[in-house]
Amino acid sequence: MTIDTHPSSIWWGSFTLKQEQSKQWNIGPLRLIVRRMSTEWQIAFERKDDHDNNTTIELIEDTNELPESLSENSRYVFHDSTEPLLVTPLLPDRPVISRPSTPFNLTAGEEVTLYVSLPLWLELAIDSRPKKILKIIAIQRPSDTWFGPSTLEGELCYASTTHCRLNLDEIPQRPHRAITPVLIRNMADTNLSLERLNLPAPLLPLYAAVDGQLWTPQVTLIREKDGDVAELKIDNQPPKEAEMAQLLSESRNKAGNGSLIRAFNAVFS
C-alpha cells in the first residue's frame, strides 16, 4: 500500500489505474474509492461528520478496501476501461449564502473586501476526447436555504457552514473549499446593513494556486441604490492572492458583467 500525505498535495488531475487496482482519496470529510476492472469502473464514497475541521489530504495509491464496503457505490460499464480517470474540482451548482461572524454596517460611499469560503464538488470522468463523465460528488453537501423576500420571489441556494471574513488570514486553508474575494462598493446614499451575502458560485471559474489552495476570481458587488440589489462584476483572471494560479474548471453557468442580482440579506423566514 502506497500513501501520499501532505498539506499541499494535489488531489485532482489525471490518474492511470491498472486493471483491478483501487485508489482511495481522503479529501476533508470525503472518503472516495475508485476501482478499475477490465470493462468497468467502480466508484464508492462516504462522508464524515466533522466537516470544517477536517483538513486531510491523502491519496492511497493501492488500497485494500473495496468499493462495495461503502454504502454509496455505483458501477459504470465500458467496452474498454484502459483510459485514465480524470478528477476535477467544481464549484457549487447553486449560489451560496454566507454570513459575517458579526453583522456590520457599510457606510454610504465606502467599500470593503470580504473573503468567502466555498464548498466544492468533484467530477469523476474518463479522460478521453470527449471526456465521459461518470459521477459528480459533493465533497461536503451544504444544507439548502431560500434566498428572496418571499416564497414566490427568490431562489434555492446553499447555506455556507463557515463565516465570511474581513481578513484573509482568518480563513483556514482547507482542501475541500475554495476562497472568493468579494469587493462590496456601497455607492448608495444609505448605509448597508450586511447580515447575509449571496455569492453566485455557478458563475465563477475555479483556479489552483501553486500551494494547492483553490480560488475563484474576485467578485465585485456595486450597490447604487437603497435595497438589496447590486451590480455584479467578475474578474477575468485569478485574484492577486493566488500565486501562479492555473485554471482548473470553467464556470458552470455564464452571465455577462453588469447583471443585477439580489446580493444582500434577503432570506425569507
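Scroll up to find the structure.
For the structure given in this document, a descriptive report is provided here.

1. What about the sheet that holds strand β15 (residues 155–164)?
Read across the open sheet, the four strands follow the order β14-β15-β9-β18; overall the sheet is mixed. If you trace the sheet from one side to the other, it starts and ends with β14 (143–147) and β18 (197–199), each paired once. Averaged over all pairs of adjacent strands, the angle between their axes in this sheet comes to 45 degrees, without regard to strand direction.

2. Let's talk about the sheet that holds strand β12 (residues 121–126)
Spatially, the four strands line up as an open sheet ordered β2-β8-β12-β13, and their pairing is antiparallel. The sheet is open, and its two borders are formed by β2 (13–15) and β13 (132–138), each paired with just one other strand. Each strand of the sheet is rotated relative to its neighbour by a mean of 25 degrees, with strand direction disregarded. When β2 meets strand β8 (residues 85–90), the two strands line up antiparallel, connected through three bridges. Looking across to β8, one finds that Ser14 is bridged to Leu86.

3. Notes on the environment of Gln213
Looking at the secondary structure, you find Gln213 in the loop between β19 (206–208) and β20 (214–215). By relative accessible area, which is 5% here, Gln213 ends up buried. For the pair Gln213 and Ile179, spaced 34 residues apart in sequence, the C-alpha to C-alpha distance is 8.2 Å. Excluding residues that lie within four positions of it along the chain, Gln213 makes contacts with Gln173, Arg174, Arg177, Ala178, Ile179, Tyr207 and Ala208.

4. So, the state of the cysteines
Within this structure, the stated rule accounts for zero disulfides. No disulfide involves Cys157; its sulfur sits 14 Å from that of Cys164, the nearest cysteine. Among the residues examined, Cys157 registers a relative accessible area of 0% and is labelled buried.

5. Some details on the pattern of salt bridges
For the structure on display, the rule yields 14 salt bridges. Salt-bridge contacts for Glu46 lead to Arg31; the nearest nitrogen and oxygen are separated by 2.3 Å. Placement of the pair is Glu46 in strand β5 (residues 40–47) and Arg31 in strand β4 (residues 30–36), with a sequence separation of 15 residues. The shortest N-O distance in the salt bridge between Glu241 and Lys240 comes to 3.6 Å. Within the structure, one salt-bridge network assembled from shared partners comprises Arg31, Glu46 and Glu65.

6. With respect to the side chain of Ser81
Along the chain, Ser81 turns up in the loop between β7 (72–77) and β8. Classification of Ser81 by relative accessible area gives buried; the value is 1%. A polar contact is formed between the side chain of Ser81 and the backbone oxygen of Ser38, at a distance of 3.0 Å. If we ignore the near neighbours within four places in the chain, the residues touching Ser81 are Arg36, Met37, Ser38, Thr39, Glu40 and Trp41.

Procedures and definitions
Residues numbered from 1 in each chain as written. Predicted model: local features only at pLDDT ≥ 70, side-chain atom pairs only at ≥ 80, totals over all residues. Heavy atoms only, no water. Pairing = 2+ DSSP bridges. Helix = DSSP H or I, 4+ residues; strand = E, 2+ residues; numbered from the N terminus. Axes fitted to C-alpha atoms, helices over the stretch in contact; angles between N-to-C directions. Buried < 20%, exposed > 50% of the residue type's maximum accessible area, 1.4 Å probe, protein only. Contact = heavy atoms within 4.5 Å. Disulfide = S-S within 2.5 Å. Salt bridge = Lys/Arg side-chain N within 4 Å of Asp/Glu carboxyl O. Polar contact = N/O pair within 3.5 Å; in protein donor to acceptor, adjacent residues only side chain to side chain.

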